[in-house]
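Okay, here's what each chain looks like letter by letter:
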Amino acid sequence: MASMRNARLMREIKNLETTPPWGITCNKDKEESFNVLHIKMLGPRGSPYERGMFDLIINVPERYPFEPPQVKFVTPVYHPNIDKGGRICMNMLKMPPKGSWLPTITIETLIISIQSLLANPNPDDPLMMDLAMEYKNDTEKFMENARKHTDKYAV
Amino acid sequence: MNIMQDLFNKAEINTMDKFLDHLHGIIFSKEIKNIDFASLDIIDTDFIEEIKNISEKVTLLFGRSLREFKCILTDESQRSHEIFLKYNEPRRLSVSHVNLPHSQLQECEYSTIEEAVLAFQQYINSLNAYFHELERLEQKFTVMEPVKPTFKDDYRRILIDEKTWLHVEVTVNGSASNIHLVGQSELWQDKLQARLLTWDYDKNIAENIVDIFDLTKTSLNEQLHMSIDTINGKEVEAPTCAICFCVELPDNPGIPQPLCQNLNCGVFFHTSCLYQWLVACEGGRLPAFGVANGSCPTCLQPITCSEKDN
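Values in this document were obtained by computation on a predicted structure and should not be read as measured data.

J.: Break down the overall build of chain A for me, citing the residues and quoting the values.
T.: From N to C terminus, chain A includes 4 helices and 4 strands. Listing the helices and strands of chain A from first to last along the sequence gives α-β-β-β-β-α-α-α. The long-range share in chain A, meaning contacts at least 24 apart out of those at least 6 apart in sequence, stands at 55%. Here chain A displays about 7500 Å² of accessible surface, and carbon together with sulfur accounts for 52% of that area.

J.: I'd like a rundown of the environment of leucine 127 of chain A, residues and numbers included.
T.: Residue and element names in this part refer to chain A. In this fold, leucine 127 is placed in the loop between helix H2 (107-119) and helix H3 (129-137). Sequence separation between leucine 127 and histidine 79 is 48 residues, and the spatial gap between their C-alpha atoms is 8.8 Å. Those residues in contact with leucine 127, other than ones at most four positions away along the chain, are Pro80, Asn81, Ile82, Asp83, Arg87, Ile88 and Cys89.

J.: Would you mind going over the sheet that holds strand S3 (residues 80-89) of chain B in detail, with residue names and values included?
T.: Residue and element names in this part refer to chain B. With antiparallel pairing, the 5 strands of this open sheet are ordered in space as S1-S2-S3-S4-S5. Looking along the sheet, the strands with just one partner apiece sit at the ends: strand S1 (59-62) and strand S5 (109-110). Sheet analysis places strand S4 (residues 92-98) next to S5, joined by 2 bridges and oriented antiparallel. Each residue of the ladder has a partner; that of leucine 93, found in S5, is tyrosine 110. Most of the contacts of helix H5 (residues 113-126) go to strand S2 (residues 68-74), to which it runs at about 40°, and overall it touches S1, S2, S3, S4 and S5.

J.: So, the interface of chain A and chain B: which residues are in play, and what are the values?
T.: Each side of the interface is counted separately: chain A has 27 residues, and chain B has 31 residues. When residues of chain A are sorted by the area they lose upon contact with chain B, Ser3, Arg11 and Phe66 of chain A head the list and together hold 25% of the total. At the surface where chain A touches chain B, the tally comes to 0 salt bridges. On inspection of chain A and its partner chain B, the count reaches 3 residue pairs in polar contact (both at pLDDT 80 or more). For the side of chain A that touches chain B, the per-class residue count stands at 13 nonpolar, 7 polar and 7 charged.

J.: Pulling in residues and values, what's your account of the pattern of salt bridges?
T.: Residues and elements named next belong to chain B. Considering all chains together, one arrives at 14 salt bridges over all chains under this definition. Across the pair arginine 92 and glutamate 109 runs a salt bridge, and its minimum N-O distance is 2.7 Å. Remark: glutamate 109 occurs in strand S5 and arginine 92 occurs in strand S4; sequence separation between them is 17 residues. Arginine 92 sits in the partly exposed class, given a relative accessible area of 35%. Salt bridges sharing partners connect three or more residues here, namely Asp75, Arg79 and Glu135.

J.: An account of the nonpolar core is requested, with residue identities and associated values reported.
T.: Within the largest apolar cluster, 68 residues are counted, with the highest numbers of intra-cluster contacts made by Phe73, Ile88 and Ile107 of chain A. By residue number, the principal contributor to this core is helix H10 (residues 271-281) of chain B, which donates 7 residues. Looking at which domains feed residues into this core, each of domain 2 (138-236) and domain 3 (238-310) of chain B supplies at least three. Not counting residues up to four positions away in its chain, the partners in contact with phenylalanine 73 of chain A are Met41, Phe54, Asp55, Leu56, Ile82, Gly85, Gly86, Ile88, Ile114 and Leu118 of chain A. Counting residues in hydrophobic clusters, the runner-up holds 48 residues, among them Tyr123, Phe151, Ile158 and Ile212 of chain B.

J.: Now, about the confidence of the model for chain A: what can you tell me, with residues and values included?
T.: On average, residues of chain A score 90 in pLDDT, and 96% of them are at 70 or above. Confidence, read as mean pLDDT per element, is least for helix H1 (residues 2-18) of chain A in chain A (83) and greatest for strand S4 (residues 70-73) of chain A (95).

J.: So, the pairing of S1 of chain B: which residues are in play, and what are the values?
T.: All names here are of chain B. Pairing geometry for S1 and S2, over 4 bridges, is antiparallel. By the bridge assignment, threonine 59 is partnered in S2 with isoleucine 72. In sequence, S1 turns back onto S2 through a hairpin of 5 residues.

J.: I'd love a proper account of the packing of aromatic side chains, names of residues and values included.
T.: Applying the stated rule across the entire model yields 10 aromatic pairs over all chains. Consider the rings of tyrosine 135 of chain A and phenylalanine 142 of chain A, whose centres lie 5.1 Å apart with planes at 80°: the pair is edge-to-face. With a relative accessible area of 1%, phenylalanine 142 of chain A lands in the buried category. On the basis of an interplanar angle of 50° and a centroid distance of 4.5 Å, the ring pair of phenylalanine 131 of chain B and phenylalanine 151 of chain B is categorised as tilted. Placement of phenylalanine 131 of chain B in helix H6 (residues 128-140) and of phenylalanine 151 of chain B in the loop between strand S6 (143-145) and strand S7 (155-161) is noted, with a sequence separation of 20 residues between them. Take phenylalanine 131 of chain B and phenylalanine 151 of chain B: they sit in the same class, and that class is buried.

J.: Pulling in residues and values, what's your account of the packing of helix H7 (residues 186-195) of chain B against helix H8 (residues 205-213) of chain B?
T.: Residue and element names in this part refer to chain B. The geometry of H7 relative to H8 is characterised by a closest axis approach of 8 Å and an angle of 115° between their N-to-C directions. Crossing of H7 over H8 shows right-handed handedness. Residues Trp188, Lys191, Leu192 and Arg195 of H7 form the contact with H8, whose participating residues are Asp211, Ile212 and Phe213. Of the residues in the contact of H7 with H8, the class split is 4 nonpolar, no polar and 3 charged.

J.: I'd love a proper account of the environment of asparagine 120 of chain A, names of residues and values included.
T.: Residue placement: asparagine 120 of chain A occurs in the loop between H2 and H3. Sequence-wise, asparagine 120 of chain A and serine 47 of chain A are 73 residues apart; in three dimensions their C-alpha atoms are separated by 8.6 Å.

J.: Just give me the short version of the sheet that holds S6 of chain B, but keep the residues and values in it.
T.: All names here are of chain B. Read from one edge of the open sheet, 4 strands run S6-S7-S8-S9, paired in antiparallel fashion. Each of the sheet's edge strands pairs with one partner strand only, and the pair in question is S6 and strand S9 (176-182). Strand-to-strand twist of the sheet, defined as the mean angle between neighbouring strand axes without regard to direction, takes the value 35°. In this sheet, S9 lies alongside strand S8 (residues 164-170) in antiparallel orientation, the contact comprising 5 bridges. Bridging from a neighbouring strand, tryptophan 165 pairs with valine 182 of S9. The strands that H6 touches are S6, S7 and S8; relative to S8, the one it contacts most, it runs at about 165°. Seen against the sheet, H7 touches S7, S8 and S9 and runs at an angle of roughly 155° to S9.

Criteria and cut-off values
Sequence order sets the numbering: in each chain, residues are counted from 1 along the sequence as written. Whichever chain is written first is A, and whichever ligand is written first is 1; the rest continue in order. Reporting in this predicted model follows two pLDDT cut-offs: at least 70 for local features of residues, and 80 or more for side-chain atom pairs to be given and counted; totals over whole chains, interfaces and linings ignore these cut-offs and use all residues. Based on all heavy atoms of the structure, the side-chain values leave hydrogens and waters out of the count. Helix and strand definitions here come from DSSP, where helices need a minimum of 4 consecutive H or I residues and strands a minimum of 2 consecutive E residues; each element is numbered from the N-terminal end. Residue contacts are defined here by distance: any two heavy atoms, one from each residue, within 4.5 Å place the two residues in contact. Calculation of accessible area relied on Shrake-Rupley with a 1.4 Å probe; when residues are assessed, cover is drawn exclusively from the protein chains displayed. Two strands pair under a simple rule: DSSP has to find at least two bridges between them. To obtain an axis, a line is fitted to C-alpha atoms, over the contacting stretch when the element is a helix, and the angle between two such axes runs from 0 to 180 degrees between their N-to-C directions. Put simply, buried area is the surface a 1.4 Å probe can reach on two separate parts but cannot reach once they are joined, added for both. The rule for a salt bridge is simple: a side-chain nitrogen of Lys or Arg has to be within 4 Å of a carboxyl oxygen of Asp or Glu. The term polar contact refers here to a pair of N or O atoms within 3.5 Å; inside protein, the definition further demands a hydrogen-donor-capable atom paired with an acceptor-capable atom, and it admits residues adjacent in sequence only when both atoms are side-chain atoms. Residues were grouped as follows: Ala, Val, Leu, Ile, Met, Phe, Trp, Tyr, Cys and Pro as nonpolar; Asp, Glu, Lys and Arg as charged; and all remaining residues, including Gly, as polar. The rule is simple: take the accessible area with a 1.4 Å probe, protein chains only, and divide by the maximum for that residue type; under 20% is buried, over 50% is exposed, in between is partly exposed. Grouping buried Ala, Val, Leu, Ile, Met, Phe, Trp, Tyr and Cys residues that are joined through side-chain atoms within 4.5 Å yields what is termed a nonpolar core. The split of the chain into domains comes from an automatic or database domain assignment. For every residue, the predictor assigns a confidence score, pLDDT, that lies between 0 and 100. Stacked, tilted and edge-to-face pairs are distinguished by plane angle, under 30 degrees for stacked and over 60 for edge-to-face with tilted covering the rest, among Phe, Tyr and Trp rings (Trp via its six-membered ring) whose centres lie within 6.5 Å. Should the near helix be turned anticlockwise from the far one by less than a right angle, the crossing is left-handed, and should it be turned clockwise, the crossing is right-handed.

Pasting the structure below:
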């Protein structure tokens, strides 16, 4: 059990390091070996987060991949599905039947999904009600605020 | 105390036998049984005094009560070691947990903190070679088991290649014992048998392992790249499991099989990997008759999986 977790993580991390997807770099915590990963992610092009570099922290649970990793933003993000503590509201990060985590999802696909969540907020399942309302009712103002927030914290 | 006074004053108790009978009755009666001794105003002043005057070299940290605490000791190489102690009753301390290889010291009771600290400090000092060897192994190789290695674990299973691990035990005086391979690999087995006799006791364990298997840093990396290539689909010989991304695991005898009934899916899984996932979906509840039901992690069609390979 423990062996397959580490064997899988080792492959995943090596793969992330050798052929990283666009705008994503992964550093594993030396002390914590396979339990904590530090991710740096560029904001998606064409979104208000474009110029930002976002830090994420991934905690890999002991029962991975039978349990989803816990992903958090370290950098503050102005987004309807991300709260002030950096928690992310995304189906893929929760166990079924509520969520849609599957053991065939990798950390790489997870980060790419988070990157695309930045570009495509989901205001119907919000974590920040006020931002979701703003996004729905006055998208331009939301974009402007998100851009300012990104310039302030993530550039 | 009132109960005791009553006992002495009772007229009918005039012999020792009757007295003991009554005393026995009182002790086992409900009222006394339910008294929590911690709530009695017993304060062990000696113990409190010792906590106050503990030497500066020792750090004491307390849990929820004064009864459970840990001492942090440092060794010659500035590693810190934690010893969890429990206060049972005056002048009786026992060891509840310690991250060191098992020894007689853990079973003993100690009358003072100082006595326990002294005994463990000596033990820790004698283990310097042991700590050093384990650290070298962790630096040099990838440790697969234990998952979170501590100095309590006197063995390490290190990665030789993707299908083979090496099991090494380290004795308290820092020499290796019970070295054997986990997994099937004739190449490594031959090397181990041929060169184990040339073990150089002047070198440390990690260096000896490198010598035995001809492992240099570069060859270790090459092996990792080889395994990466296989998942990228360049040189796939056997299909890998879609859950653990491996073909063979050292501690899992099965090979991946197309377990999904949906003919358009055709993804391979280890029976044990799929079974564990289906159980995890049910919140960890084990299914009846060892057959788990759920949906395929790839195509989401219904799937069943039994605990053991057929």
